[in-house]
Amino acid sequence: MNARLRRMWGAERKAVGPKRPEHGPVGPCHETGAWLDVVCKLLRLPREETEGIRTELEEHLRERVRDLMVEGEPEEAATRRAISELGDAAALADRFRRAEHTPRRRMLMNIAMLGMAAGVAVAGAVGLNKLSGPPGASGVASPPQVRFASADVGEKTITLAADATLDRFVQELGRVTGKGTHVYWDSLQDLGFDKDMQIGVPMAGVTIETALMLVNERVKSGDQKIACRVTGDLLEISTLHHFDKRAMTLVAYDMEAALSTITAENGKGDVSEQLTQLIKGVIDPEQWKDNGGELAELYRVGPKLFVKAPARFQPTVQWILAQLGSGKAASAAAGEPVEKTSFTASGDRVTMARAGKQVIADAIELDPAKGRIEATGKGVEVRATADPSRLFTYSITGQVEHPGVYCMPREGMSLRRAIVAGGGKFEGVKEVVVTKTENGLVSVTHRVKGEELGLAGAKDPMLADGEVIEVK
Amino acid sequence: MVTREPNQQQVEIVLLSVLSEEPMYGYAISKRVAAGSDGAIKLSPGVLYPLLRQMEKEGYITANWETVKSDRAEEGTEGRKRKWYTLSAKGRTHLEQRVAAHRAHQRMIERFLGGSGAGAGGEEAAS
């Protein structure tokens, strides 16, 4: 450092850690010090934090001024320019303050972007599959929705006036379910659910599931929601997070079909990474440990995907894999024309290629129920008919050795056969619940008591496409 | 040469990439980014330092203070303090995810660009 520069910043001062330095009283150093004083006052952060920021900014200004002076700029002009590059003091302080408080919000934004990018890539890769089919068409499904109430009480109805308190609300939940209640008020109050708060909306014969949704809408508590679960004769009322921690599950999935689908159409990059990002991006992103959450984890080992997460996550993981697996069936099982003429699809747009030339289809006919895709363009025509049985899947989860997504055999699949195929046993099973999701609503299609499973002549319903079997 | 302020997402991926090479302090990072982009990316210090702080809070980078003592420092005096940033394991994972997402996004865009460009060719073939 030359004499001019040393004079500007003074001799090396005594300093311990990032403590606030003494500032020179005159000249550019004074100007810098005065500007930093203003920033630090506006920061309104704890003293130690403020001093750290000040020291870092001062060091930046020192180096910047030095560089500008080396380039020939006069000292005062260099100082003014360096300060002006830092911008308005109030705006800078505001950015620092926001940096203190926005990590979670920004994290969610990042997750949304990652999930979207992965989703776009994956959905684009699988082409004309169920994800991009027309609403209402056969085979189009939505992932299972979050349930705030146990399935066995969620459909019971409740009636309360809008000025009823939350305390009264939970008492009513106990009354209509005929169960004793235990409320974890400490957990709920942390989220803003106070005993004395009014529910705010009249409830006239609404289901408990809907009633909880309405209360959750009233209290904007981010990703944390009020929920209830039945444990024996007790109705427990707490946060969804509380119940999630209790219901952790580890499930292994076979990713092979989904990965093949993406690779066949996309062929580049780490497709399993895209798939796992999609899962972490769309299923309660804030709960995944990789995203800064504390509950869910997933691991890839070869073609297997191990998901350790609350039980309610697993059907949606299955749903995602089922969509991609079906996508593969639609294209891989397609007939000879596909070998001669390749095609890719996204939404209602099909691009066909032959001899290295590509055209956009003029007309597309899509019939997922029959596994048939027809598209015509100038000089190119695609007719692909998939084996319909390969298009249908069911999923099995819970107390079975091989949970996952299975293709429906041509002759169909009965519930008991599906349990056996999934490595499950009838002994020790409390209950088997089969659910189906249509238009975003999950409904129970079959419910079989454990003791009925092993009985000869007991009901053994045939499964339908997209159904999820949960063996409890 | 066109210089522009990148958005925060772009700045973050650039900062993580730079720090994946070696630990650096703020001013060195801004110079490294400018040099690496031939001056196309100019990181305003008013954006850089709050973002570094945010990334530190999120655990993507770690920071430690180092004393900088010049040759001419007086005997018995301590040097200035400089804050060095290092990419953490979490930050490295995050960077990998961001890079993968960025590339997936790029590929998607290329699919459309390729489709429109090749579409014209297809029409030629058809005619």
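Because the structure is predicted, anything quoted here is derived from the model rather than measured. (Residues numbered from 1 in each chain as written. Chains lettered and ligands numbered in written order. Predicted model: local features only at pLDDT ≥ 70, side-chain atom pairs only at ≥ 80, totals over all residues. Heavy atoms only, no water.)

Draft legend 1. Focus on the overall build of chain A. Check the secondary structure of chain A and you find 18 helices and 19 strands. The proportion of buried residues among the 472 residues of chain A is 48%. Considering only contacts in chain A between residues 6 or more positions apart, those separated by 24 or more positions represent 60%. By element, 52% of the accessible surface of chain A is carried by carbon and sulfur atoms, the whole surface being about 22000 Å². (Helix = DSSP H or I, 4+ residues; strand = E, 2+ residues; numbered from the N terminus. Buried < 20%, exposed > 50% of the residue type's maximum accessible area, 1.4 Å probe, protein only. Contact = heavy atoms within 4.5 Å. Areas by Shrake-Rupley, 256 points an atom, 1.4 Å probe, with all protein chains shown as cover.)

Draft legend 2. The arrangement of the nonpolar core in detail. Of all hydrophobic cores here, the largest spans 41 residues; its most connected members are Trp-35 and Leu-57 of chain A together with Leu-15, Ile-29, Leu-52 and Ile-61 of chain B. Those residues in contact with Trp-35 of chain A that sit more than four places away from it in its chain are Ile-83, Leu-86, Gly-87, Ala-89 and Leu-92 of chain A. Counting 26 residues, the second-largest nonpolar core is a separate cluster that includes Val-153, Val-170, Trp-185 and Cys-228 of chain A. (Core = buried A, V, L, I, M, F, W, Y, C linked by side-chain atoms within 4.5 Å.)

Draft legend 3. Quick peek at the sheet that holds strand 4 (residues 226-231) of chain A. Residue and element names in this part refer to chain A. Pairing is mixed in the open sheet, where three strands are placed in the order 2-5-4. If you trace the sheet from one side to the other, it starts and ends with strand 2 (180-183) and strand 4, each paired once. The average undirected angle you get between the axes of adjacent strands in this sheet is 25°. Relative to strand 5 (residues 234-239), strand 4 is paired through six bridges, and the arrangement is antiparallel. Its bridge partner lying in strand 5, Ala-227 is registered against Ser-238. Sitting on the sheet, helix 8 (residues 166-177) touches strand 2 and strand 5, and the angle it makes with strand 5 is about 145°. (Pairing = 2+ DSSP bridges. Axes fitted to C-alpha atoms, helices over the stretch in contact; angles between N-to-C directions.)

Draft legend 4. Structural view of the confidence of the model for chain A. All names here are of chain A. Looking at chain A as a whole, the pLDDT averages 70, with 63% of positions reaching at least 70. Between the elements of chain A, mean pLDDT differs from a low of 32, seen in helix 15 (residues 336-340), to a high of 91, seen in helix 3 (residues 47-70). Counted against residues more than four places away or in other chains, residues 1-26, with its pLDDT under 50, gives 65 contacts. Note on residues 326-342: pLDDT under 50 across the span, and 37 contacts to partners over four residues away in sequence or across chains. (pLDDT = per-residue confidence, 0-100.)

Draft legend 5. Quick look at the sheet that holds strand 1 (residues 24-25) of chain B. Residue and element names in this part refer to chain B. In space, the three strands of this open sheet follow the order 1-3-2, with antiparallel pairing throughout. For this open sheet the edge positions go to strand 1 and strand 2 (61-68), each flanked by a neighbour on one side alone. By the bridge criterion, eight bridges tie strand 2 to strand 3 (residues 80-87) in an arrangement that is antiparallel. Looking across to strand 3, one finds that Ile-61 is bridged to Leu-87.

Draft legend 6. Summary view of the side chain of Arg-53 of chain B. Tracing the chain through its elements places Arg-53 of chain B in helix 3 (residues 45-57). The class for Arg-53 of chain B is buried, based on a relative accessible area of 8%. The contacts of Arg-53 of chain B, once residues within four sequence positions are left out, are Glu-49, Ile-53, Phe-96 and Glu-100 of chain A together with Lys-83 of chain B.

Draft legend 7. Up close: the packing of aromatic side chains. The tally for this structure, following the rule as stated, stands at two aromatic pairs over all chains. The interplanar angle of 50° and the centroid separation of 5.8 Å between the aromatic rings of Trp-288 of chain A and Phe-313 of chain A together place this pair among those described as tilted. You can see Trp-288 of chain A sitting in the loop between helix 13 (271-282) and strand 7 (297-301) and its partner Phe-313 of chain A sitting in the loop between strand 8 (304-310) and helix 14 (314-332), a full 25 residues away along the chain. Ring centres of Tyr-25 of chain B and Trp-84 of chain B lie 5.2 Å apart, and the angle between their planes is 65°; on these two criteria the pair is classed as edge-to-face. You can see Tyr-25 of chain B sitting in strand 1 and its partner Trp-84 of chain B sitting in strand 3, a full 59 residues away along the chain. Relative accessible area serves as the criterion here: at 21%, Trp-84 of chain B is assigned to the partly exposed category. A cation sits over an aromatic face here: Arg-82 of chain B above Tyr-25 of chain B, 4.0 Å from the ring centre. (Phe/Tyr/Trp six-rings, centres within 6.5 Å; stacked < 30°, edge-to-face > 60°. Lys NZ or Arg CZ within 6 Å of the ring centre and 35° of its normal.)

Draft legend 8. Quick look at the environment of Met-24 of chain B. Residue and element names in this part refer to chain B. Relative to the assigned elements, Met-24 resides in strand 1. When its relative accessible area of 6% is taken as the criterion, Met-24 is described as buried. Along the backbone, Met-24 and Ala-63 are 39 residues apart, and their C-alpha atoms lie at a distance of 9.6 Å. Apart from residues lying up to four places away in sequence, Met-24 is in contact with Val-18, Leu-19, Ile-29, Arg-32, Lys-83, Trp-84 and Tyr-85.

Draft legend 9. Molecular detail of the packing of helix 3 of chain A against helix 4 (residues 75-86) of chain A. Residue and element names in this part refer to chain A. The interhelical angle for the contact between helix 3 and helix 4, taken along N-to-C directions, is 135°, at an axis separation of 9 Å. It follows that helix 3 is oblique to helix 4 by the angle criterion. Relative to helix 4, the crossing made by helix 3 is right-handed. In this structure, helix 3 uses Leu-57, Leu-61, Arg-64, Val-65, Leu-68 and Met-69 to contact helix 4, whose residues at the interface are Glu-75, Ala-78, Thr-79, Arg-81, Ala-82, Ile-83, Glu-85 and Leu-86. The residue inventory of the contact of helix 3 with helix 4, partitioned by class, reads nine nonpolar, one polar and four charged. (Parallel < 35°, antiparallel > 145°, perpendicular 65-115°, else oblique. Left-handed = near helix turned anticlockwise from the far one by under 90°. Nonpolar A, V, L, I, M, F, W, Y, C, P; charged D, E, K, R; others polar.)

Draft legend 10. How the structure looks around helix 2 (residues 26-36) of chain B. All names here are of chain B. Within helix 2, the full set of buried residues consists of Gly-26, Tyr-27, Ile-29, Ser-30 and Val-33. Buried residues of helix 2 fall within an arc of 160° about the axis and therefore sit on the same side. In helix 2, the exposed residues that point more than 90 degrees away from the buried face are Ala-35 and Gly-36. (Arc of directions from axis to C-beta.)

Draft legend 11. Layout of the confidence of the model for chain B. All names here are of chain B. Mean pLDDT over chain B works out to 78, with 76% of the residues at or above the 70 mark. No element of chain B has a lower mean pLDDT than helix 4 (residues 89-126), which averages 69, and none a higher one than strand 1, which averages 94. For this predicted complex, the interface confidence comes out at an ipTM of 0.82, alongside a pTM of 0.38.

Draft legend 12. Quick look at the pattern of salt bridges. Residue and element names in this part refer to chain A. Under the defined criterion, the tally for this structure stands at 25 salt bridges over all chains. Notably, a salt bridge pairs Glu-73 with Arg-81, separated by 3.0 Å at the nearest N-O pair. Under the relative-accessibility criterion, Arg-81 is labelled partly exposed at 36%. Between Arg-447 and Glu-431 there is a salt bridge, with its nearest N and O atoms 3.2 Å apart. Taken together, the residues Arg-447 in strand 18 (residues 441-449) and Glu-431 in strand 17 (residues 431-438) connect sequence positions 16 residues apart. (Salt bridge = Lys/Arg side-chain N within 4 Å of Asp/Glu carboxyl O.)

Draft legend 13. Region of the structure containing unusual backbone geometry. All names here are of chain B. Of note in the backbone geometry, Asp-38 takes a positive phi value of approximately 50° without being a glycine. For Asp-38, the location among the structural elements is in the loop between helix 2 and helix 3. Since its relative accessible area comes to 58%, Asp-38 is described here as exposed.

Draft legend 14. Focus on helix 4 of chain A. Residues and elements named next belong to chain A. The terminal C-alpha atoms of helix 4 lie 17 Å apart, and with twelve residues this matches the ideal 16 Å at 1.5 Å per residue to within 8%. Taken together, the buried positions of helix 4 are occupied by Glu-75, Ala-78, Thr-79, Ala-82, Ile-83 and Leu-86. Along helix 4, the residues classed as buried sweep out an arc of 130° about the axis, all on the same side. One or two steps after helix 4, the chain reaches Gly-87, where phi turns positive at roughly 85°. (Expected span 1.5 Å × (residues − 1).)

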